[in-house]
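Topology and contacts: notes
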Amino acid sequence: MQQFGITGLYTALVFYATSKESSPFINSSTSDVEKCQQYDGKNMALFEEEMDTSPMVSSLLSSLANYSNLTQGSKEHEEAENNEEARKKTAPRMGTLMGVYLPCMQNILGVILFLRMTWLVGAGGVLGTFIIVFMCCSTTMLTAISMSAIATNGVVPAGGSYYMISRSLGPEFGGAVGICFYLGTTFAGAMYILGCIEILLIYIVPAAAIFKMEGLEGAEAEAALLNNMRVYGTIVLSFMALVVFVGVKYVNKLALVFLACVILSILAVYAGVIKTSFDPPFFPIHFRSDYNYAALILCRVCLLGNRTLVSKGFDICAKTIEQGNATVTTKLWRAFCDSEFLNATCDEYFTNNNVTQIQGIPGITSGILAENLFSTFMEKNSILEKRGVPAVLDPEATVTNTNRYVMADITSFFTLLVGIYFPSVTGIMAGSNRSGDLQDAQKSIPVGTILAITTTSFIYMSSVILFGACVDGVVLRDKFGEGVNGNLVIGTLAWPSPWVIVFGSFFSTCGAGLQSLTGAPRLLQAIARDSIIPFLRVFGHGKANGEPTWALLLTACICETGILIASLDAVAPILSMFFLMCYMFVNLACALQTLLRTPNWRPRFKFYHWALSLLGMSLCLTLMFLCSWYYAIVAMVIASCIYKYIEFCGAEKEWGDGIRGISLSAARYALMRLEEGPPHTKNWRPQILVLMSLDGEQSVEQPRLLSLTSQLKAGKGLTIVGACVEGTYLNNQPQAQKADQVCMKLMEVEKVKGFSQVVISSNLRDATSHLIQAGGLGGLRHNTVLVSFPKNWKQAEEHHRCRNFIEVVRETTAAHLALLVTKNISAYPSNGERFTEGHIDVWWIVHDGGLLMLLPFLLRQHKVWRKCKIRIFTVAQMDDNSIQMKKDLMTFLYHLRFDAEVEVVEMHDSDISAYTYEKTLVMEQRSQILKEMHLTKNEREREVQLIQGKNATPTPTSPTSPTAPTPAAVTPGEEVQMTWTDETEKTNNPAVANPESVKDMFNMKPNQSNVRRMHHAQELNGVIVKKSKEAKLVLLNMPGPPKNRNGEENYMEFLEVLTEGLNRVLLVRGGGREVITIYS
């Protein structure tokens, strides 16, 4: 079968999780004629119309087979730029060894192994350091297992842990952790450059130091060293950034050379360890004395008492030597005495103690392991001392000549060692970062990564034991090798020469620094191109070939801050924080996916478990606070700020992440809990269903309803904005979608947190009923309905709105829902307005649950109503004790913790006025006219239906509401040829239709019950207007509708009279349950 392009819609449906990313599905649009020709003769006639959304299987399989996994950032090689033929050529794919195993080895093994591992063993002891190494290696192994599960759960484009975390935990977590991973990689580059400069200035060419350290001691010597690191570090950083800018291909070509240096250096160390068992190592020492000779001597350390001496300050480890028949003083004597003569005045400690030599590397068979088994932590500027060697020391004497001794440059403790060591096990993501270049990523990533971690873990653990078994403790704790003539400590152990380690570690740190400066900008570019952090979008651009120029510039600037710190020991804990946070979220992502059992979670790597992922996450969190609790807090604050920023900006990415799965599971659990019973009175709050009216353009007629909702809710609880569209679902779905978008946009403007629900029905009355009945889900349903009082309800064309409103009142009463009705909603304040003074008046006529008392309290939580004071009015009858009522009400409000003024209004019985009698009569006459109009209208419609039934073929119709259809439903001349001259005149004029009705209307007497209601409404309205005419808002108990449907128009008239003369009125009906309580 011939292949064809699959449309973008199918891409959106099938590969929704990778929208706007590399996709195998190509959008192609074809005309109907081309489509018919395309599928002609393919036995697909039944499916031709759906081919845009449901393509042929052959085309789908072909596209999947030809899917190439492109890097999210830029192209790695410049030779591919703008070259169509080069793009078509498939680059050679790498296997497990070259693509994953060796890159991981290169990234894991590095500067800490060569520069700090011996010092870690000396300070922490073999046991303590082994525990540190085991914890860190276990953490990375567990992380690698989780990463392998994620990486084998589908195709993972290049992007490493950022891609995996963002697609597993969502854009918020992905952006936060992606930035942390980027910062970790950037500071790793700074650490490698500092290691490179340390090797260069201390072990290769000390004379190149700009700030000379000779003759300086204490803080001055430390400052000179740090300044040298800053100057040379900036120079090396600039050079490396230039190399990366010129072309990444040079860095990639040199990667194997740098890796070879690392492997040769490690082999040299193992060879040296084996050699110590039968031949202690020698190292060259050049004496610059009067004797002027050079020789190879055993690796010995000179001690004064039990203090380790700096070997560069003397030539012979002795106070005096016999030369001929005379005793001659040595350089060591002249370092501690004021002259070279034997009668010179010398340092007290120098005089009281002997000079001895010890073997610095006694060998693996010497039994030194027992001495190095436990930790020896030191304070800053304390002298390095040999345990077990006697010394004469005056406790009150001050230490002099400190620059002659090997001293601790920092205070060491267990957690510091953890922070310094952990960067040596990072780099496990190197394989997943290259997934786009792997032959079989889902096989190579797990196997290569786990093998690399196993190999490096063996190297680190064996190094701890071998260093402790071969090297003396004072040499191990000598960080810069000052006691062994300034040699690299691990270099003194290496065979055949210390220079193998020196140059090997130098080139490996250079290579690692280049790799960091290459990888970090691409990671930042991938984050920027995902557009989840708006202010980073500029860093998504680069050169014409895609090289991230701006990202490289930012990376170099951040890296410079690490170089200005200038201390490798200070930078290492910083990047440890960022890497540990990244690894923690990799484990969390795997654990969540496993526990949620999402259908798409089908990793090919089967050797994972959620418990292992949680254990790895716990270890990461523990190590973060072990390394440095304040750095851990800073890293978490940075990640939290980025998370909230992405959330605030509104991340529009939908990657099918696990957080959405957690939200669904938590929502389901919460909904099931809510089903257990109604909320307690103390937990009751209005969960509002807002019934919005739409005009013909699907725009909201009363936007201030949402302003009031926002002021009532303050972002808490449930809000459902309901709207109704008249018609059928098949025909009016676009209008419903437009209405939904309008509602959602208005909710966003008014800052209403909730949901929009648009219902389509054959008439508005049924649609409103559906919303009231079916709104919400399970226990998360509305308990209050907010609706606006219908305007112009007295007009005949608005009569249906009046009936709908009354039905809403009836249905909320039947459903035991509270009802809030706003009168004059256009006069209500917007969220931007502020009342600086005024009152919210509550007229408490009847008690129906306490909602009337609760609403003003909720309103005053919002800044619009905060300055308003609450006044509560209640009505006393003739036989009530108004003074006692006021006391009781004040006591009740005190227990409710409400601050409000209280007033009891006495209403005396009065005679019904002629005006009331006349108003009631006019009301009933108007109701009778409306009824007559409604009856004649129904008769006309029945006649139309009868004629249609005789002349037209009956067709099945969908069931409709019993509510009568509008006259516009049948247009004269469409189905039946009819003339409406006489009938229309009769219909529009009820007197013509029924002349007897005119006499009945003039002879009508008002119903005494209606007269009494009208009288009460007028009396109560007069009192309310007198007391509350200037109030900012009046809350009033809303009377219930009549049980007899014949009095519906009268009910609306009573409400109109009750609220006449008031600006803003909120009519309130309770839901039949108590919503306030005096108990805690």
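In case you missed it, the structure is sitting above this.
Described in the following lines is the structure provided in the data block. What you see is a predicted model; the values in this text were computed from it and never measured.

The subject of this paragraph is a nonpolar patch on the surface. The grouping of L621, F625, W629, Y630, I633 and V637 at the surface amounts to a nonpolar patch, some 580 Å² of accessible area in total. Elements with a minimum of two residues in the nonpolar patch: α21 (610-627) and α22 (629-649). If one sorts the elements of the nonpolar patch by residue count, α22 sits on top with 4 residues. On the accessibility criterion, F625 (37% relative accessible area) is partly exposed.

Attention now moves to the environment of A520. Relative to the assigned elements, A520 resides in helix α18 (residues 498-529). The exposure class of A520 is buried, given its relative accessible area of 0%. Residues within four places of A520 in sequence aside, it is in contact with Y182, T185, T186 and T555.

Once that is clear, we can look at the packing of aromatic side chains. Remark: the centre distance and the inter-plane angle together describe each pair of aromatic rings, the angle taken between the planes. Applying the stated criterion to the full structure yields 23 aromatic pairs. When the centroid spacing of 5.5 Å and the interplanar angle of 85° are considered together, the rings of W629 and Y630 count as edge-to-face. Residue classification places W629 among the exposed residues on the basis of a relative accessible area of 53%. What links up through ring pairs into an aromatic cluster is the set W333, F336, Y349, F350 and Y405. In this structure, K319 packs its charged tip against the face of F350, placed 4.6 Å from the ring centre. Geometry around F789 places K823 over its ring, the cationic atom sitting 5.0 Å from the centre.

A full pass over the atoms with the stated rule returns 2 disulfides. Two residues share a disulfide in this structure: C302 and C317, whose sulfurs sit 1.8 Å from each other. A torsion of 85° about the S-S bond marks the disulfide between C302 and C317 as right-handed. On the criterion of sequence distance, the pair formed by C302 in strand β3 (residues 300-304) and C317 in the loop between β4 (307-308) and β5 (320-323) is long-range, its members being 15 residues apart. Note that C337 is cross-linked by a disulfide to C346, the S-S spacing being 1.7 Å. As the torsion about the S-S bond is roughly 105°, the C337-C346 disulfide counts as right-handed. Like C346, C337 is buried. Disulfide partners in the chain, listed by the sequence order of the bonded cysteines, are 1-2, 3-4.

Bringing empty space enclosed by the protein into the picture now. A probe matching the size of a water molecule, rolled over the atoms, marks out where space remains unfilled. As enumerated under the stated definition, the model contains 8 cavities of 30 Å³ or more in all. Estimates place the volume of the largest cavity at around 110 Å³. For the largest cavity, the lining is made up of 16 residues, of which W119, M407, A408, D409 and R477 are closest to its centre. When the residues that make up the lining of the largest cavity are grouped by side-chain class, the tally is 9 nonpolar, 2 polar and 5 charged.

Structurally, the position occupied by R1069 is in strand β17 (residues 1065-1069). Residue classification places R1069 among the buried positions, given a relative accessible area of 16%. Engagement of the side chain of R1069 in a polar contact is seen with the side chain of T813, the distance being 3.3 Å. A polar side-chain atom of R1069 sits 3.3 Å from the main-chain carbonyl oxygen of M1038.

Pairing within the open sheet is antiparallel, and its 3 strands lie in the order β4-β3-β7. Bordering the open sheet on either side are β4 and β7 (355-359), each of which pairs with just one other strand. Here 5 bridges tie β3 to β7, and the two strands are oriented antiparallel to one another. Within the sheet, the bridge partner assigned to R300 lies in β7 and is Q359.

Moving on to the environment of M213. Take M213: it is sitting in the loop between α8 (160-204) and α9 (219-246). On the basis of relative accessibility, which here comes to 31%, the residue M213 falls in the partly exposed class. It is 9.0 Å that separates the C-alpha atoms of M213 and A223, two residues lying 10 residues apart in sequence. In contact with M213, not counting residues within four places along its chain, are A221, A224 and L225.

Before going further, it helps to examine the packing of α9 against α18. Where α9 meets α18, the axes come as close as 10 Å, and the angle between the chain directions of the two elements is 60°. The angle between α9 and α18 falls in the class oblique. When you trace α9 past α18, the crossing you get is right-handed. Of the residues in α18, those in contact with L237, M240, A241, V243 and V244 of α9 are C510, G513, L514, L517 and T518. When its residues are assigned to classes, the contact of α9 with α18 shows 8 nonpolar, 2 polar and no charged.

Across the junction of W495 and P496, the peptide omega takes the value 15°, indicating a cis bond. Within the fold, P496 resides in the loop between α17 (489-493) and α18. Backbone geometry at H816 places phi at a positive 55°, although glycine is not the residue there. Tracing the backbone through its elements, the reader meets H816 in the loop between α27 (799-814) and β12 (818-823). For H816, a relative accessible area of 60% puts it in the exposed group.

Another aspect to go through is the nonpolar core. M117, M191, Y421, Y460 and F585 are the most contacted members of the largest nonpolar core, which has 166 residues in total. For this core, the element with the most residues is α8, which contributes 25 residues. In this structure, Y421 is in contact with I112, M117, L120, I132, V133, C136, C137 and Y460, ignoring residues within four places of it in sequence. Counting 53 residues, the second largest nonpolar core, distinct from the first, contains A739, I825, L852 and W865.

Counted by the stated rule, this structure contains 15 salt bridges. Residues E222 and K380 are paired through a salt bridge, measuring 3.3 Å at the closest nitrogen-oxygen approach. With a gap of 158 residues between them, E222 in helix α9 and K380 in the loop between β7 and α13 (414-421) connect regions that are remote in the sequence. Look at K380 and you get partly exposed, because its relative accessible area is 39%. Taking the shortest distance from any N to any O, the salt bridge between E903 and K1027 comes out at 2.6 Å. One end of the pair, E903, is in strand β15 (residues 901-906); the other, K1027, is in helix α34 (residues 1008-1028), with 124 residues separating them in the sequence. Through salt bridges with shared partners, one network takes in R116, E198, D409, K479 and D569.

Moving on: α22. An α-helical turn contains 3.6 residues, so a residue and the one three or four places further along point in the same direction. Compared with the 30 Å implied by 1.5 Å per residue over 21 residues, the 30 Å span of α22 between its first and last C-alpha is a close match. Of all the positions in α22, only A632, A635, A639, I642 and I646 are classed as buried. Taken down its axis, α22 places every buried residue within 100° of arc, on the same side. Exposed side of α22, more than 90 degrees from the buried face: W629 and F648 are the residues found there.

Of all 7 residues in strand β10 (residues 755-761), 5 are buried; the element is thus mostly enclosed. Read from strand β9 (residues 719-726) through helix α25 (residues 729-749) to β10, the crossover connection turns out right-handed.

The next point concerns the sheet that holds strand β11 (residues 784-788). Overall, mixed pairing links the 10 strands, which are arranged β10-β9-β8-β11-β12-β17-β16-β13-β14-β15 in an open sheet. Because the sheet does not close on itself, it has two edges, and the strands there are β10 and β15. Looking at each pair of strands side by side, their axes are set apart by 20° on average, direction ignored. The sheet contact formed by β12 and β17 spans 5 bridges and is antiparallel. Residue pairing in the sheet places L820 in a bridge with V1068 of β17. Against the sheet, α34 contacts β13 (839-844), β14 (869-876), β15 and β16 (1033-1037), and its axis sits at roughly 155° relative to β13.

So, on to a positive patch on the surface. A cluster of basic side chains, namely K751, K753, R834, K863, R866 and K867, defines a positive patch on the protein surface. By secondary structure assignment, the location of R866 is in the loop between α28 (851-859) and β14. A relative accessible area of 44% means that R866 is categorised as partly exposed.

Reading the values: the criteria
- Residues numbered from 1 in each chain as written.
- Predicted model: local features only at pLDDT ≥ 70, side-chain atom pairs only at ≥ 80, totals over all residues.
- Heavy atoms only, no water.
- Patch = residues over 30% accessible without salt bridge, like charges linked within 9 Å, V, L, I, M, F, W, Y side chains within 5 Å.
- Areas by Shrake-Rupley, 256 points an atom, 1.4 Å probe, with all protein chains shown as cover.
- Salt bridge = Lys/Arg side-chain N within 4 Å of Asp/Glu carboxyl O.
- Helix = DSSP H or I, 4+ residues; strand = E, 2+ residues; numbered from the N terminus.
- Buried < 20%, exposed > 50% of the residue type's maximum accessible area, 1.4 Å probe, protein only.
- Contact = heavy atoms within 4.5 Å.
- Phe/Tyr/Trp six-rings, centres within 6.5 Å; stacked < 30°, edge-to-face > 60°.
- Lys NZ or Arg CZ within 6 Å of the ring centre and 35° of its normal.
- Disulfide = S-S within 2.5 Å.
- 1 Å grid on protein atoms, 1.4 Å probe; cavity = no way out; pocket = protein on both sides within 12 Å on 5 of 7 lines; lining within 4 Å.
- Points joined across faces, edges and corners; volume = space filled by probe spheres on them.
- Nonpolar A, V, L, I, M, F, W, Y, C, P; charged D, E, K, R; others polar.
- Polar contact = N/O pair within 3.5 Å; in protein donor to acceptor, adjacent residues only side chain to side chain.
- Pairing = 2+ DSSP bridges.
- Axes fitted to C-alpha atoms, helices over the stretch in contact; angles between N-to-C directions.
- Parallel < 35°, antiparallel > 145°, perpendicular 65-115°, else oblique.
- Left-handed = near helix turned anticlockwise from the far one by under 90°.
- Core = buried A, V, L, I, M, F, W, Y, C linked by side-chain atoms within 4.5 Å.
- Expected span 1.5 Å × (residues − 1).
- Arc of directions from axis to C-beta.
- Right-handed = clockwise from strand over helix to strand, strands pointing away.
- Lys, Arg positive; Asp, Glu negative; His and termini not counted.
- Charge placed at Lys NZ, Arg CZ, Asp CG, Glu CD.

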